[in-house]
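# Commentary on secondary and tertiary structure
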Amino acid sequence: MIARASQLFLPTLRDAPADAEAASHQLLVRGGFIRQIGAGLWSFLPLGWRVHMRLEQIIREEINAIGGQEMLAPTLTPAELWETTGRIDVPILFRLQDSSNRRFVLSWTHEESMTFLAREIHSYKQLPQVWYHFSTKDRDEPRPRGGLLRLREFVMKDSYTFDADEAGLDAAFAEHEKAYKRIFERCGVEAYLVEAESGVMGGKVSRDFLAPTGSGENELMRCENGDYFADAEAARGTPPPPELPPTLDGPETVETPGVGTIEALAAFLGIAESATSKALPVVAGDRLVLALVRGDDKLSPGKLETFFEAAFRPATEEEIRAAFGAGGGSLGPVGVDVEVIADEALRKGQYVAGANEDGRHLRGVQAGRDYEPTFADIRQARDGDACPECGGTLRVQTAIEVGHIFKLGTFHSEPFGATFLAEDGREKPLVMGSYGIGLARTIAAIVEQSHDENGIVWPGSVAPYDAHVVALPGAEEIAEQAAEALSAAGRDVLLDDRDQRAGEKFADADLVGCPVRVTAGRKSLEDGKVDVRDRASGGEKRLDVAELGKEA
């Protein structure tokens, strides 16, 4: 097919928006692929939607190849579905009411809807099942930014698998892992499969596909020796040993007037921040829990969500006062009647902790002797931590999460009563997996990884057009012939037949980034040949129009 630029809505720009920092944001706007409607709300213009559709088709082909059945579930869903799983309180949910005051949610994922539908699976003879759809998702993202990097509305491909047991889930998970690797290879995206946190999705096992980029919303943690990769939120880095003062036989109270932060506490006592513990009271459902990490560490929200298998929020000042009898700057685990989750780094050694009295702290607080916590890895790994596999140094790299796969188990099927009759005659809950790819983020990752100073360099598999034919003044007829030859050979062609200067047409061709640029100019009038330029390499050759379908 041939598309004529003179008839297309193709609003290219010479300059990027003032607020655009990411290369993908700048180039997708400048190239006329996307336009912003509101914060985190973007329209795909004709050129951008062609890229989106080509990516969608690649995904469709690969998921179909592993037995996927395409369907569609609505974005608008009854609130009762989300109350069933307890995810109604997830902060990013958009909640609304209709004219009859019935409560609804705009789905940011579709486990609830798909599990509801899966209740019609009754027998092991109907298993396994692989369902998927391309659906609009909505997310009450408080800080949308970066063009397509952090959106409030987007299209995602979700797959959902239903199996009779964990072995079936393992097989489905492995099939999706292989399919995702093929998808990203076909798109030309460099993406690493890494350890990740399941968070409020449910289950305990998940893996991310992270694409290293110049800009992104995720961090890829990788060992300098190349034997360990993880999402920074899930990474199992080992921190440097703490600098601890001499041990004590028991906790000793120390007056700390006006001290409310770890930094101030360490300075006041003349100790390292690593010799303190940081108390973070949170609420998960109706549980008030004290999360405890080393003073020089940060809490990983994703790890804690995975531990709870639920969303959580910071406790309010009123809740803190009621439970601890002190303000947030003086909290600790000793003598409190609340559940304590302590990071593994606090398992050994004595630390300074809050005394649960304003203006007082305790020296020499030791887990196991002075309080009995549940230990878990809840700290945020840091650049420079030791690798859990080989002890090498972990380094952080900016990345975009392009895919995420989850072993949900029975987290959703049990509350929904989604059961089947097993081969042994017993009723059992369906064992589920969930697998997502964000199409907008994948497009952003492609651009981040494949561009130069002049514009986007699209891989051929997802380019809006296979060839960009530029017609210079006087050579319009030869340009038409070139476009027709390419089209006859099965190529999608963008023919720039606009009444524009040559420099503007060449600049737009580089900006749009089709794999091949074909130019018909003055020399073409003499020899009937055209200039063929490869966008990625910059290599050029001169061909007869008749050769285009064979070589270009």
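Preceding block: the structure.
It should be emphasised that the depicted structure is a prediction, and the values quoted were computed from it without experimental measurement.

### Focus: the environment of Ala 211
- Relative to the helices and strands, Ala 211 resides in strand E11 (residues 205-212).
- Given a relative accessible area of 0%, Ala 211 falls into the buried group.

### A short note on the side chain of Arg 294
- Among the secondary structure elements, Arg 294 is positioned in strand E16 (residues 287-294).
- A distance of 3.0 Å separates the side chain of Arg 294 from the backbone oxygen of Pro 240, its partner in a polar contact.
- A polar atom in the side chain of Arg 294 sits 2.9 Å from the side chain of Asp 296.
- Excluding its chain neighbours within four sequence positions, the residues that come into contact with Arg 294 are Pro 239, Pro 240, Pro 241, Pro 242, Ser 274, Thr 276, Ser 277, Lys 278, Ala 345, Leu 346, Tyr 351 and Arg 382.

### Regarding the packing of helix H2 (residues 46-65) against helix H5 (residues 166-187)
- The contact between H2 and H5 brings their axes to 9 Å, and the two run at 150 degrees. Relative to H5, the element H2 is oriented roughly antiparallel. Here H2 runs over H5; the crossing is right-handed. On the side of H2, the interface is formed by Leu 55, Ile 58, Ile 59, Glu 61, Glu 62 and Ile 63, while H5 contributes His 176, Ala 179, Tyr 180, Arg 182, Ile 183, Arg 186 and Cys 187.
- A class-by-class count of the residues in the contact of H2 with H5 yields eight nonpolar, one polar and four charged.

### A closer look at the sheet that holds strand E5 (residues 76-78)
- Taken in spatial order, the three strands line up as E5-E7-E6 in an open sheet, and their pairing is antiparallel. Single-partner strands in this sheet number two, and they are E5 and strand E6 (94-97). Across this sheet, the average inter-strand angle for adjacent strands is 35 degrees, counted without regard to direction.
- In this sheet, strand E7 (residues 103-106) lies alongside E5 in antiparallel orientation, the contact comprising three bridges. Of the residues in E7, the one forming a bridge with Pro 78 is Phe 104.

### Notes on empty space enclosed by the protein
- Counted according to the given criterion, the structure contains two cavities of 30 Å³ or more.
- In this model, the largest cavity occupies a volume close to 60 Å³.
- Lining of the largest cavity is provided by Ser 277, Leu 292, Pro 333, Leu 346, Gly 349, Tyr 351, Ala 353, Val 365, Gln 366, Ala 367 and Tyr 371.
- Counting residues per element, the ones that place at least two in the lining of the largest cavity are strand E19 (350-354) and strand E20 (360-366).
- Residues belonging to the lining of the largest cavity are distributed by class as follows: eight nonpolar, three polar and no charged.

### Concerning the packing of aromatic side chains
- Inspection of the entire model under this criterion finds eleven aromatic pairs.
- Seen in terms of ring centroids, Phe 44 and Trp 49 are 6.0 Å apart; in terms of plane orientation they differ by 65 degrees. Their pairing is edge-to-face.
- The exposure class of Phe 44 is partly exposed, given its relative accessible area of 23%.
- With relative accessibility at 33%, the residue Trp 49 sits in the partly exposed group.
- Here a set of aromatic residues connected by ring pairs shows up, and it is made of Tyr 180, Phe 184 and Phe 209.
- Directly above the aromatic system of Phe 375 lies the positively charged group of Arg 347, at a separation of 4.2 Å from the ring centroid.
- The ring of Phe 173 has Lys 407 sitting right over it, with the charged end atom 5.1 Å from the ring centre.

### Looking at the pattern of salt bridges
- Inspection of every chain in the model, using the stated rule, returns 51 salt bridges.
- Note that Glu 141 and Arg 150 form a salt bridge whose closest N and O atoms lie 3.8 Å from each other.
- A salt bridge links Arg 533 to Asp 510; the nearest nitrogen and oxygen atoms lie 3.3 Å apart. Pair noted here: Arg 533 is in strand E31 (residues 529-534) and Asp 510 is in helix H12 (residues 502-512), with a separation of 23 residues, a long-range link.

### A word on the layout of surface pockets
- In this structure, the largest pocket encloses a volume near 1600 Å³.
- Lining the largest pocket are 50 residues, with Ile 92, Arg 139, Glu 233, Glu 401 and Arg 441 sitting closest to its centre.
- Going through the elements one at a time, strand E9 (153-163), strand E12 (218-223), helix H7 (301-308), strand E17 (313-314), strand E22 (394-409), strand E25 (431-438) and helix H10 (439-449) are the ones with two or more residues in the lining of the largest pocket.

### Things to note about the environment of Ile 2
- Relative to the assigned elements, Ile 2 resides in strand E1 (residues 2-4).
- On the basis of relative accessibility, which here comes to 30%, the residue Ile 2 falls in the partly exposed class.
- When the C-alpha positions of Ile 2 and Asp 163 are compared, they lie 46 Å apart, and in sequence the two are 161 residues distant.

### Considering unusual backbone geometry
- With an omega dihedral of 0 degrees, the bond running from Leu 127 to Pro 128 counts as a cis peptide bond.
- Topologically, Pro 128 is positioned in the loop between helix H4 (111-118) and strand E8 (129-138).
- The phi angle at Asn 356 is positive, at roughly 60 degrees, despite the residue not being glycine.
- For Asn 356, the location among the structural elements is in the loop between E19 and E20.

### A word on the sheet that holds E17
- The five strands are arranged E17-E15-E16-E18-E21 in an open sheet whose pairing can be described as mixed. Across the chains shown, the open sheet's two edge strands, defined by having one partner strand only, are E17 and strand E21 (374-376).
- Sheet topology places strand E15 (residues 277-284) next to E17; two bridges connect them, and they run antiparallel. Residue pairing across strands places Val 282 opposite Pro 314, the latter belonging to E17.
- On top of the sheet, helix H8 (residues 317-324) reaches E15, E16 and E17; it is set at about 85 degrees to E16, its chief contact.

Calculation rules
Residues take numbers from 1 onward in each chain, read along the sequence in its written order. A pLDDT threshold of at least 70 governs which residues receive local features in this predicted model, and a stricter bar of 80 or more applies before side-chain atom pairs are shown or counted, although totals over entire chains, interfaces and linings include all residues. As a rule here, side-chain values cover all heavy atoms of the structure and leave hydrogens and water aside. Helix and strand assignments follow DSSP, with helices taken as H or I runs no shorter than four residues and strands as E runs no shorter than two, numbered in order from the N terminus. Throughout, exposure labels follow a simple rule: accessible area from a 1.4 Å probe, protein chains only, divided by the maximum for the residue type, with under 20% read as buried, over 50% as exposed, and the rest as partly exposed. Nitrogen and oxygen atoms within 3.5 Å of one another constitute a polar contact, given that in protein one can donate a hydrogen and the other can accept it, and given that sequence-neighbouring residues count only through two side-chain atoms. Throughout, a residue-residue contact means that at least one pair of heavy atoms, one from each residue, lies within 4.5 Å. To get an axis, a line is fitted to the C-alpha atoms, and for a helix only the part in contact is used. The angle between two axes follows their N-to-C directions and goes from 0 to 180 degrees. Note on angle classes: values under 35 degrees are labelled roughly parallel, values over 145 roughly antiparallel, values of 65 to 115 roughly perpendicular, and the remainder oblique. Crossing handedness: left-handed means the near helix sits turned counterclockwise from the far one by under a right angle, and right-handed means the same turn made clockwise. All residues other than Ala, Val, Leu, Ile, Met, Phe, Trp, Tyr, Cys, Pro, Asp, Glu, Lys and Arg, Gly among them, are scored as polar; the first ten of these are nonpolar and the last four charged. One requirement defines pairing of two strands: DSSP has to find at least two bridges between them. Here a cavity denotes grid points, spaced 1 Å and computed from the protein atoms alone, that fit a 1.4 Å probe unable to get out, and a pocket denotes an open set having protein on both sides within 12 Å along at least 5 of 7 lines; residues with an atom within 4 Å of a point are the lining. Grid points are joined across faces, edges and corners, and a volume is the space filled by probe spheres set on the points. Think of it this way: a Phe, Tyr or Trp ring, Trp meaning its six-membered ring, pairs with another when their centres are within 6.5 Å, and the plane angle makes it stacked under 30 degrees, edge-to-face over 60, tilted otherwise. Criterion for a charge above a ring: Lys NZ or Arg CZ within 6 Å of the ring centre, and within 35 degrees of the ring normal. By definition, a salt bridge exists where a carboxyl oxygen of Asp or Glu is found within 4 Å of a side-chain nitrogen of Lys or Arg.

Don't take any of this as a statement about function, it's just geometry.
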